[in-house]
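Here are the chains, one letter per residue:
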Amino acid sequence: MNAVEKVVAILLAAVLLFICPIQIVAQKQDVVMQQYVTMETSYFIDSVRNLGYLSRQMYEEYKKKIDIGGTLYNVELTHYHMVYYDDSQAKDLVHRRYQCYYMQDIMDQIYDKDKEGVYTFSQDDYVTVKVRQKHKTIAQRFQEFTLGVDFADGDYVTIYGG
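Residues numbered from 1 in each chain as written. Predicted model: local features only at pLDDT ≥ 70, side-chain atom pairs only at ≥ 80, totals over all residues. Heavy atoms only, no water.

Peer 1: Quick question: what am I supposed to make of the packing of helix α1 (residues 3-51) against helix α2 (residues 56-66) here?
Peer 2: To characterise two packed helices, one gives the angle between the axes of the helices and the distance between these axes. Where α1 meets α2, the closest approach of the two axes is 10 Å, and the angle between their N-to-C directions is 170 degrees. Viewed along their axes, α1 and α2 adopt a mutual orientation that is roughly antiparallel. Contacts between α1 and α2 involve Met33, Tyr36, Val37, Glu40, Thr41, Phe44, Ser47, Val48 and Leu51 on the former and, on the latter, Met58, Tyr59, Tyr62, Lys65 and Ile66. A breakdown of the residues in the contact of α1 with α2 according to their chemical character gives ten nonpolar, two polar and two charged. (Axes fitted to C-alpha atoms, helices over the stretch in contact; angles between N-to-C directions. Helix = DSSP H or I, 4+ residues; strand = E, 2+ residues; numbered from the N terminus. Parallel < 35°, antiparallel > 145°, perpendicular 65-115°, else oblique. Contact = heavy atoms within 4.5 Å. Nonpolar A, V, L, I, M, F, W, Y, C, P; charged D, E, K, R; others polar.)

What follows is the structure, given as structure tokens:
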């Protein structure tokens, strides 16, 4: 073997022995964290739906739980409130539609000192939460480096509602 072949063999061995296992472990960590965030999100939304309200304490505990893995997330809450109204043209005809309240509306109410930090829901309301990563994970950075794949920041980790 000449010197060039030995250098190539050493570089290939280094890649196979070190970089590939690190990438595989990082990808598995991403999968585990995604499952954990999905589970905590479903518990959070189910709790909100069962209780009929969202408190400041519930939201902050949820945020603390999902941020535990070192990856920071953006949470987007949306509340769809069912509104019924009569049609003045037709007798005995009632229409319904959803009125949407977005993250800023909800946060303003649960962090308002006059409202006691509670956002209430009514029957037939629908609430959704979208969780998005703030930054790229180690596995995504490894894949960008090794494969040349570009990951957009802020991919949704989970979307849940009911």
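Peer 1: Help me out: how do you make sense of the pairing of strand β5 (residues 126-133) in this one?
Peer 2: Each regular strand carries side chains that alternate between the two faces of the sheet. Taken together, the eight bridges between strand β2 (residues 73-86) and β5 define a ladder with antiparallel strand orientation. Paired with Tyr73 across the strands is Gln133, a residue of β5. (Pairing = 2+ DSSP bridges.)

Peer 1: Just checking my understanding: could you explain a nonpolar patch on the surface for this structure?
Peer 2: A cluster of nonpolar side chains, Leu12, Val15 and Leu16, forms an exposed patch at the surface whose accessible area comes to about 270 Å². Secondary-structure assignment places Val15 in helix α1. Judged by relative accessible area, which is 36%, Val15 ranks as partly exposed. (Patch = residues over 30% accessible without salt bridge, like charges linked within 9 Å, V, L, I, M, F, W, Y side chains within 5 Å. Areas by Shrake-Rupley, 256 points an atom, 1.4 Å probe, with all protein chains shown as cover. Salt bridge = Lys/Arg side-chain N within 4 Å of Asp/Glu carboxyl O. Buried < 20%, exposed > 50% of the residue type's maximum accessible area, 1.4 Å probe, protein only.)

Peer 1: Whenever I open this one, α1 confuses me. Can you help?
Peer 2: An α-helical turn contains 3.6 residues, so a residue and the one three or four places further along point in the same direction. The terminal C-alpha atoms of α1 lie 71 Å apart, and with 49 residues this matches the ideal 72 Å at 1.5 Å per residue to within 8%. At Val15, α1 shows its maximal kink, close to 30 degrees. Taken together, the buried positions of α1 are Gln23, Ala26, Met33, Val37, Glu40, Thr41, Ser42, Phe44, Ile45 and Val48. Remark: Gly52 follows α1 within two positions and exhibits a positive phi of approximately 85 degrees. (Expected span 1.5 Å × (residues − 1). Bend = angle between axes of the 7 residues up to and from the residue.)

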